[in-house]
Amino acid sequence: AQSLSYVILKQISRQWRSKMIIVSTASSDTYVTNKIVDSLFHVSGNVGRAGTLDIFKLYDESTDVTGSIELSRVLIKFDLADAIVHSSTSLNVGSSGFNARLRLRNISTGQPVPSGFTVELFPLAASFTEGLGRDVIAFADVDAANFLSRSVGVLWNMSGAATTGTLGDASIDIITSGNLSDGQGVRSLWVSQSFPIGTEDLDIDVTTILSATIVNILPNHGFRISFARVQEDDQTTRFVKRFGSRHVREQSLRPSLIISANDAIVDHHSSSFFD
């Protein structure tokens, strides 16, 4: 018989790797605009049931209003019920594995699109009503939300949801900064994405905003998405960037919010070493 001077028995620890993924769908979306139609700014038009979310800027394109700036801004809110439920168990918003991305799919209509622009996203400081409007030509369907009001009888603090401020400030439309009680003090709460070609999808990291929203530090009113402020104010026309809305017929083109977290469990109890 062959003898052994020693025996080593080794059991490798087991690890179950898994990632929780929650895909939230938009519960409300629309865009607001002050588009000039028939020589008048149509600021009360609602397009809550339109199939696209349009971002555009027209500079001095009207023959009746010299030096005019016509623009639009997207409003969108997502259903966070599942994420909030799991935040008390397997969804740790404070972990390094937590991630959230907002995705809007590009809609191609065969028309030219602007290029070399930047889109900015801000948390909304107040709620909005989607509305039932569909007219994207004359913007004649009067309903809220629109360029003047966020819901029926309730005005924006500044037309176009334009009043900025810090978390906790009164009478603001969008939140640009705030203290999230995470030891980092007051910091910027807006994010941006560049579009060098113009036909790209929006795929933007909103992890910081969502983690604070899920634990009720930030209000869950949704987002405002628009051209960068410097591009809204310049003398360049950018027409038109289109994304699929929640009402577009093809489901794969609808907005989505992808929330993920690593909830792996590592089991070391059976790791054994014998001489």
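These remarks concern the structure in this document. (Residues numbered from 1 in each chain as written. Predicted model: local features only at pLDDT ≥ 70, side-chain atom pairs only at ≥ 80, totals over all residues. Heavy atoms only, no water.)

**Some details on the packing of aromatic side chains**
Stated formally: Pairing of aromatic rings covers Phe, Tyr and Trp, the last through its six-membered ring, and needs centres within 6.5 Å; plane angles under 30 degrees mean stacked, over 60 mean edge-to-face, and all others mean tilted. The secondary structure listing takes helices from DSSP runs of H or I that are at least 4 residues long and strands from runs of E that are at least 2 residues long, numbered from the N terminus. Burial classes follow relative accessibility: with a 1.4 Å probe on protein chains only, a residue under 20% of its type's maximum area counts as buried, one over 50% as exposed, and anything between as partly exposed.
Following the criterion strictly, the structure yields six aromatic pairs and no others. With a centroid separation of 5.3 Å and 75 degrees between ring planes, the pair formed by F117 and F227 is classed as edge-to-face. Of the two residues, F117 is situated in strand β9 (residues 117-123) and F227 in strand β17 (residues 223-227); the sequence distance between them amounts to 110 residues. Of the two residues examined, F117 and F227, each falls in the buried class. Put simply, the rings of F117, F195, F227 and F243 touch in pairs and so form one group of aromatic residues.

**Concerning the pattern of salt bridges**
Any two side chains of opposite charge can pair if their charged atoms end up close together. For clarity, the cut-off: Put simply, a salt bridge is a Lys or Arg side-chain nitrogen that is within 4 Å of an Asp or Glu carboxyl oxygen.
By the definition in use, this model includes 13 salt bridges. Here D233 makes a salt bridge to R229, at a shortest N to O gap of 3.0 Å. Placement of the pair is D233 and R229 together in helix α3 (residues 229-233), with a separation of four residues, close to one helical turn. For D233, a relative accessible area of 46% puts it in the partly exposed group. Within the structure, one salt-bridge network assembled from shared partners comprises R101, R103, D203 and D205.

**A look at empty space enclosed by the protein**
Note the cut-off: Site definitions follow a grid-based scheme: protein atoms alone, a 1 Å grid, a 1.4 Å probe that fits but cannot get out for cavities, and for pockets an open set with protein on both sides within 12 Å along at least five of seven lines, plus lining residues having an atom within 4 Å of a point. Grid points are joined across faces, edges and corners, and a volume is the space filled by probe spheres set on the points.
In the structure shown here, the tally under the stated rule is two cavities of 30 Å³ or more. The computed volume of the largest cavity comes to approximately 80 Å³. Around the largest cavity sit K77, F78, L80, P123, I209, L210, T213, P219, N220, H221, G222 and F223, which together line it. At the level of elements, β7 (69-78) and α2 (207-214) are the ones that each hand at least two residues to the lining of the largest cavity.

**Regarding unusual backbone geometry**
The linkage connecting A144 with the following residue, A145, adopts the cis geometry, with an omega of 5 degrees. Turning to its location among the elements, A145 is positioned in the loop between β9 and β10 (149-151). Of the consecutive residues F239 and V240, the connecting peptide bond is found in the cis state with omega at -5 degrees. Its location among the elements puts V240 in strand β18 (residues 238-244). The phi angle at S39 is positive, at roughly 70 degrees, despite the residue not being glycine. Tracing the backbone shows S39 in the loop between β4 (36-37) and β5 (40-41). Here S39 falls in the partly exposed class, since its relative accessible area comes to 35%.

**Observations regarding the layout of surface pockets**
Rules: Under the scheme applied here, ten amino acids are nonpolar (Ala, Val, Leu, Ile, Met, Phe, Trp, Tyr, Cys and Pro), four are charged (Asp, Glu, Lys and Arg), and all others, including Gly, are polar.
As a volume, the largest pocket reaches approximately 240 Å³. In terms of lining residues, the largest pocket is bounded by 15 residues, among which V93, G94, D182, R187 and S211 are the most central. The biggest single contributor to the lining of the largest pocket is α2, with four residues. Split into classes, the residues belonging to the lining of the largest pocket amount to six nonpolar, seven polar and two charged. Taken as a whole, the second largest pocket spans an internal volume of roughly 180 Å³.

**Digging into the pairing of β17**
Here is the rule we go by: For two strands to be treated as a pair, DSSP must find no fewer than two bridges joining them.
Counting buried positions along β17 gives five out of five residues, so the element sits mostly inside the fold. In this structure, β7 lies alongside β17, joined through three bridges in antiparallel fashion. Each residue of the ladder has a partner; that of L75, found in β17, is R224. Inspection of the sheet shows β9 paired to β17 by five bridges, in the antiparallel sense. Paired with F122 across the two strands is R224, which belongs to β17.

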